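# Observations on chain architecture
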Amino acid sequence: QVQLVESGGGLVQPGGSLRLSCVASGFTFSNYGASWYRQAPGKEREFVARIATPGGMTTYADSVKGRFTISRDNAKNTVYLQMNSLKPEDTAVYYCKVVTWWGQGTQVTVSS
């Protein structure tokens, strides 16, 4: 069956970095674009970044442009989100999405 499994979240100080990973299984990952979303407490889930296939064109929310980088490794069925210069407002549960499939999420907390 289809599975998306995120990892890499944690607690980081403001200005720090994290790299999230999402491993896909149960379908041909290389055929589909992949996205990251996030949901902060009390807020709606929001788009963060997307990477298309083929070609790897990327799209970012304005709030993360210049700080976050989405990438993918089709040989590993994995999509990544490199997050730099993290801010407290980046605190959220981060989810990967492919088509209509969602992962379970990974918590990112930015706090001193």
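Residues numbered from 1 in each chain as written. Predicted model: local features only at pLDDT ≥ 70, side-chain atom pairs only at ≥ 80, totals over all residues. Heavy atoms only, no water.

## Some thoughts on the pattern of salt bridges
Across all of its chains, the model carries four salt bridges by this definition. Close ionic contact of Asp 90 with Arg 38 constitutes a salt bridge, the shortest N to O distance being 2.9 Å. In this pair, Asp 90 is assigned in the loop between strand 8 (78-83) and strand 9 (92-98) and Arg 38 in strand 4 (residues 34-39), connecting sequence segments 52 residues apart. Looking at Asp 90, the relative accessible area reads 0%, which means it is buried. In this structure Arg 38 comes out as buried when scored by relative accessible area, which is 6%. Here the salt bridges do not stand alone but share partners, grouping Arg 38, Glu 46, Arg 67 and Asp 90 into one network. (Salt bridge = Lys/Arg side-chain N within 4 Å of Asp/Glu carboxyl O. Helix = DSSP H or I, 4+ residues; strand = E, 2+ residues; numbered from the N terminus. Buried < 20%, exposed > 50% of the residue type's maximum accessible area, 1.4 Å probe, protein only.)

## Focus: the sheet that holds strand 3 (residues 18-25)
Spatial strand order, 1-3-8-7: four strands in an open sheet with antiparallel pairing. Edge positions in the open sheet fall to strand 1 (3-7) and strand 7 (68-73), since each of these has one partner strand only. Taken pair by pair, the neighbouring strands of this sheet meet at an average axis angle of 15 degrees, ignoring direction. In the sheet, strand 7 pairs with strand 8 via six bridges, with the strands oriented antiparallel. Looking across to strand 8, one finds that Asp 73 is bridged to Thr 78. (Pairing = 2+ DSSP bridges. Axes fitted to C-alpha atoms, helices over the stretch in contact; angles between N-to-C directions.)

## Let's talk about the state of the cysteines
Enumeration according to the criterion identifies one disulfide in this entry. A sulfur-sulfur distance of 1.9 Å marks the disulfide that ties Cys 22 to Cys 96. With Cys 22 in strand 3 and Cys 96 in strand 9, this residue pair connects regions lying 74 residues apart in the sequence. Grouping residues by exposure puts Cys 22 and Cys 96 together as buried. (Disulfide = S-S within 2.5 Å.)

## Focus: the packing of aromatic side chains
Under the counting rule described, the total for this entry stands at seven aromatic pairs. Here the aromatic cluster, defined as three or more aromatic residues joined through ring pairs, consists of Phe 27, Phe 29, Tyr 32 and Trp 101. Of note, Arg 45 hangs over the ring of Trp 102, and the distance from its end group to the ring centre comes to 4.6 Å. A cation over a ring is seen here: Arg 72 above Phe 29, with NZ or CZ 4.3 Å from the ring centre. (Phe/Tyr/Trp six-rings, centres within 6.5 Å; stacked < 30°, edge-to-face > 60°. Lys NZ or Arg CZ within 6 Å of the ring centre and 35° of its normal.)

Worth remembering: the numbers are spatial, not functional.
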